[in-house]
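# Notes for the structure review
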Amino acid sequence: MISPAKTELLGMDLKELETYLQSLGEPRFRANQIHAWIYRKAVSSFYEMSDLPKELRNQLDTAAQISIPRVLKQRVSADGTRKFLFEMTDKKKIETVVIPQSRDKDTRFSLCISTQVGCPLGCLFCATGQSGFQRSLQAYEMVGQVLGSRREMARKLKTEDELITNVVYMGMGEPMLNYDEMISSIHSLNDHKGINIGQRHITISTAGEAQGIIRLAEEDLQVTLAISLHAANDSLRDRLIPLNRKYPLKKLLEAVHYYTQHTNRRVTFEYILLDDVNMGAGDAQALIKLIKPLLANINLIPYNEVSGLEFKKPSAAKIRHFYHLLAEAGLNVTLREERGGDIEAACGQLSSKRER
Ligand code: SF4
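It should be emphasised that the depicted structure is a prediction, and the values quoted were computed from it without experimental measurement.

Another aspect to go through is the sheet that holds strand E13 (residues 296–302). Sheet strands pair by backbone hydrogen bonding; their relative direction is either parallel or antiparallel. Read across the open sheet, the 10 strands follow the order E3-E4-E5-E6-E9-E10-E11-E12-E13-E14; overall the sheet is mixed. Each edge of the open sheet is held by one strand with a lone partner, namely strand E3 (70–76) and strand E14 (333–335). Put simply, the sheet's adjacent strands are angled 25 degrees from each other on average, direction ignored. The pairing of strand E10 (residues 202–206) with strand E11 (residues 224–228) spans 4 bridges and is classified as parallel. Pairing of Ile204 across the sheet is with Leu225, part of E11. Packed on one face of the sheet, helix H11 (residues 316–328) meets strand E12 (267–273), E13 and E14 and runs near 165 degrees to E14.

Following this line, the structure appears as structure tokens:
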């Protein structure tokens, strides 16, 4: 006989947990206890929930589950960046990156989470895009990356402090293609009784899915929007980011304009610096023309080479020159400090295939 599927409690808010516990004939306060165990202590075994009666622990273990993923493997960079390989309940694997926010490696961390297993967009410079697409993650699997990472970091650094304070939806996958689950996970992360990561500490990064940008503008959220631009003309962008054929720059910029008008929030354009591809004087001029009228920053990211892909990292002198062209034109430009390149955890390098 096939046993019935267990109810997934990860991702449930307090009200949903109350409804579930009531369906088992339990009082409401049990939901508070379980909520704290899951979201405050990242506990996934009912047997560790020491303030629950033994019979209830046994009953929950048979009927329910809390699928905080296990770290299958991890690599640590010389700069303190860590890459976790997580396994989902169906054995699919994803990567999550923990990035120290300062040179002091044991202070606070940003977490770069995945929204899909692989990615359907196939950006030319990206290891994930080249490794194919398997499925989208559910909201609880995004929340699980945060809890699984918090649990692992607390264990490693022997502390109960909340070390992960920022979350970036910039790992494997395109978040806007998994929109409803992504939004639902943001509400879970933001719950002040639970994980309690402020909306202003959350960034969503898209390759330019204009429809998702318009939808996000209409949410009442204080998150940061980042857009992977990487080219300032359609012919090059069509080649680097095939999604540009569906949403060319004109459409993308209309969506960005709508977003900034609606939210009055500044957007960040990410621009990967690819040697001899998108760093000429003409590229800088096109970029300035495109970005200057917008409420926006631009973040330059020197490319991290991926074996098997054609692109090269530019020299430090070329990077400086491009930066100065933009800065002198009055753009709000930053140069991203490189993190995790030595463990293939940097932008565009994630691909769980090579980690298996
Ligand atoms: S860069 Fe982002 S959107 Fe493009 S293929 Fe990689 S993961 Fe997907």
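Next, the rest of the story.
Moving on, we get to the packing of aromatic side chains. This model, assessed by the stated rule, comprises 3 aromatic pairs. When the centroid spacing of 5.8 Å and the interplanar angle of 65 degrees are considered together, the rings of Phe84 and Phe86 count as edge-to-face. Of the two residues, Phe84 and Phe86, both sit in the buried class. Ring centres 5.7 Å apart and planes at 20 degrees place the aromatic pair Tyr271 and Phe322 in the stacked group. Taken together, the positions of Tyr271 in strand E12 and Phe322 in helix H11 put the pair 51 residues apart, joining distant regions of the chain. For the residue pair Tyr271 and Phe322, the accessibility class agrees, reading buried in each case. Taking the ring centre of Trp37 as reference, the NZ or CZ of Lys41 above it sits at 4.1 Å.

Further remarks concern the site of the ligand. Taken together, Cys119, Leu121, Gly122, Cys123, Cys126, Thr128, Gly129, Gly173 and Ala207 form the complete shell of residues around the ligand. Residues belonging to the shell around the ligand are distributed by class as follows: 5 nonpolar, 4 polar and no charged.

It is worth spelling out the pattern of salt bridges at this point. As enumerated under the stated definition, the model contains 15 salt bridges in all. The salt bridge partner of Glu18 is Arg28, with a shortest N-O separation of 3.4 Å. Pair noted here: Glu18 is in helix H1 (residues 14–23) and Arg28 is in the loop between H1 and helix H2 (29–39), with a separation of 10 residues, a long-range link. Of the residues examined, Arg28 reaches a relative accessible area of 49% and is grouped as partly exposed. Here Glu26 makes a salt bridge to Arg30, at a shortest N to O gap of 3.7 Å. Here Arg30 falls in the buried class, since its relative accessible area comes to 12%. Several salt bridges share partner residues, and in doing so they unite Arg70, Glu87, Lys91 and Lys93 into one network.

Here the domain parsing of the chain yields domain 1 (7–65) and domain 2 (70–355). Taking only C-alpha atoms into account, the centre of domain 1 sits 34 Å from that of domain 2. Contacts between domain 1 and domain 2 engage 10 residues on the former and 12 residues on the latter. Between domain 1 and domain 2, the buried area comes to about 1,100 Å², and carbon and sulfur atoms account for 55% of it. Inspection of the region where domain 1 meets domain 2 yields 6 residue pairs in polar contact (both at pLDDT 80 or more). Residue composition of the side of domain 1 that touches domain 2, by class: 5 nonpolar, 3 polar and 2 charged.

Bringing the packing of helix H5 (residues 139–157) against helix H6 (residues 179–190) into the picture now. In the contact formed by H5 and H6, the axes pass within 8 Å of each other and the chain directions differ by 40 degrees. Comparing the axis directions of H5 and H6 gives the class oblique. Relative to H6, the crossing made by H5 is right-handed. Judged by residue contacts, Ala139, Met142, Val143 and Val146 of H5 engage Glu181, Met182, Ser184, Ser185, Ser188 and Leu189 from H6. The residue inventory of the contact of H5 with H6, partitioned by class, reads 6 nonpolar, 3 polar and 1 charged.

Calculation rules
Residues numbered from 1 in each chain as written. Predicted model: local features only at pLDDT ≥ 70, side-chain atom pairs only at ≥ 80, totals over all residues. Heavy atoms only, no water. Pairing = 2+ DSSP bridges. Helix = DSSP H or I, 4+ residues; strand = E, 2+ residues; numbered from the N terminus. Axes fitted to C-alpha atoms, helices over the stretch in contact; angles between N-to-C directions. Contact = heavy atoms within 4.5 Å. Phe/Tyr/Trp six-rings, centres within 6.5 Å; stacked < 30°, edge-to-face > 60°. Buried < 20%, exposed > 50% of the residue type's maximum accessible area, 1.4 Å probe, protein only. Lys NZ or Arg CZ within 6 Å of the ring centre and 35° of its normal. Near = heavy atom within 4 Å. Nonpolar A, V, L, I, M, F, W, Y, C, P; charged D, E, K, R; others polar. Salt bridge = Lys/Arg side-chain N within 4 Å of Asp/Glu carboxyl O. Domains from an automatic or database assignment. Buried area = accessible area lost by both parts, 1.4 Å probe. Polar contact = N/O pair within 3.5 Å; in protein donor to acceptor, adjacent residues only side chain to side chain. Parallel < 35°, antiparallel > 145°, perpendicular 65-115°, else oblique. Left-handed = near helix turned anticlockwise from the far one by under 90°.

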